[in-house]
Amino acid sequence: MPLATSDNAPPTTTAYVLESIREGILNGQYPLGSRFDQKAIAENLGVSLVPVREALRILEGEGFVTINPRRGAYVTGISANELEELYLIRAELEELATRRAVPNLEQKSLVKLAGIIEQMEEATGTQEYAQLMALNQAFHFTIYDASKSVLLLEMITSLWNRSSLYRRVFTYLPERAMQALEEHKEIYTACRNKDGEAAGQAVRHNIQQTVRALLDEFQKDKNTLMEPDAHEGQALDKAYHGLLK
């Protein structure tokens, strides 16, 4: 959906184009490594080339797009090195945000978390994995928002945006979904008990388990997702075994 500048204001043209292209990348409309036809995008969205170029520059900063001055703009490929780095940083920042948030969680937030858990149980049972991704984000940011740490939230949000491409590529991990549900219940229980340390550790564990599952899938599909060289393969193995320590 297009992004609005406020609750009542309409989205700017650039924000509208930005969200449209980002969603296109995440849902596979623009495959990994493919070149953007900027003129076609402008025509399809009914805008000029200017907001398209602005949106692509923003997406380059988010890591979704690679711009070559001579060749044009492309959907960024994925790599094991970046996957590892993203989740290692996320684990540190999100554990910190959780520890800061738990003492501030109000009853209405706990009720919201419990409701999300119920929805996650239902979505897990019906294998609605795309819905689970949305519920997962809602769950975590309900907690992180209570940290009242603006800069920390900005950094976490940026990392979530950047890592979303990896989660979308490996959406269908049924064996992981049930495990993740139990991990979220553990996080919720710690939050309800006002145990910030336990909640932070549970969040870290959840992130570590997620990246392990993603690396497993990356290992299986790396030949179809990208063309890794020998160094990339070594980096993947090193990253994977490092996370298992």
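Cut-offs used in this document
Residues numbered from 1 in each chain as written. Predicted model: local features only at pLDDT ≥ 70, side-chain atom pairs only at ≥ 80, totals over all residues. Heavy atoms only, no water. Axes fitted to C-alpha atoms, helices over the stretch in contact; angles between N-to-C directions. Helix = DSSP H or I, 4+ residues; strand = E, 2+ residues; numbered from the N terminus. Parallel < 35°, antiparallel > 145°, perpendicular 65-115°, else oblique. Left-handed = near helix turned anticlockwise from the far one by under 90°. Contact = heavy atoms within 4.5 Å. Nonpolar A, V, L, I, M, F, W, Y, C, P; charged D, E, K, R; others polar. pLDDT = per-residue confidence, 0-100. Pairing = 2+ DSSP bridges. Buried < 20%, exposed > 50% of the residue type's maximum accessible area, 1.4 Å probe, protein only. Salt bridge = Lys/Arg side-chain N within 4 Å of Asp/Glu carboxyl O.

Let's talk about the packing of helix H1 (residues 13-26) against helix H3 (residues 49-62)
Close contact between H1 and H3 brings their axes to 8 Å; oriented N to C, the two are set at 55°. By the criterion of interaxial angle, the relationship of H1 to H3 is oblique. Crossing geometry of H1 relative to H3 is assigned as right-handed. Along its contact with H1, which presents Thr-13, Thr-14, Val-17, Leu-18, Ile-21 and Arg-22, the element H3 presents Pro-51, Val-52, Glu-54, Ala-55, Leu-56, Ile-58, Leu-59 and Glu-62. Here the contact of H1 with H3 is composed, by residue class, of nine nonpolar, two polar and three charged.

Some remarks on the confidence of the model for the chain
Model confidence for the chain is summarised by a mean pLDDT of 84, while 83% of its residues fall at 70 or above. Contacts of residues 1-10 to residues separated by more than four positions or lying in other chains number 13 contacts, the stretch itself having pLDDT below 50. When the criterion is pLDDT under 50, residues 224-245 qualifies, and its contacts beyond four places in sequence or with other chains add up to 31 contacts.

Examining the pairing of strand S1 (residues 65-68)
Looking at chain direction, S1 and strand S2 (residues 72-75) are connected through four bridges and run antiparallel. Bridging from a neighbouring strand, Thr-66 pairs with Tyr-74 of S2. Hairpin connection between S1 and S2: a loop of three residues separates the two successive antiparallel strands.

Some details on unusual backbone geometry
Within the chain, Gln-127 stands out as a residue other than glycine whose phi angle is a positive 60°. Looking at the element boundaries, Gln-127 is found in the loop between helix H5 (107-125) and helix H6 (129-144). Here the phi dihedral of Lys-194 falls at roughly 60°; this positive angle occurs in a residue that is not glycine. On the secondary structure map, Lys-194 appears in the loop between helix H8 (174-192) and helix H9 (196-225). According to the relative accessible area criterion, Lys-194 is partly exposed, its value standing at 41%.

Quick look at the pattern of salt bridges
Applying the stated criterion across every chain, the model contains eleven salt bridges. In this structure, the salt-bridge partner of Lys-185 is Glu-121, at a minimum N-O distance of 2.8 Å. Taken together, the residues Lys-185 in helix H8 and Glu-121 in helix H5 connect sequence positions 64 residues apart. Owing to a relative accessible area of 37%, Glu-121 belongs among the partly exposed residues under this scheme.

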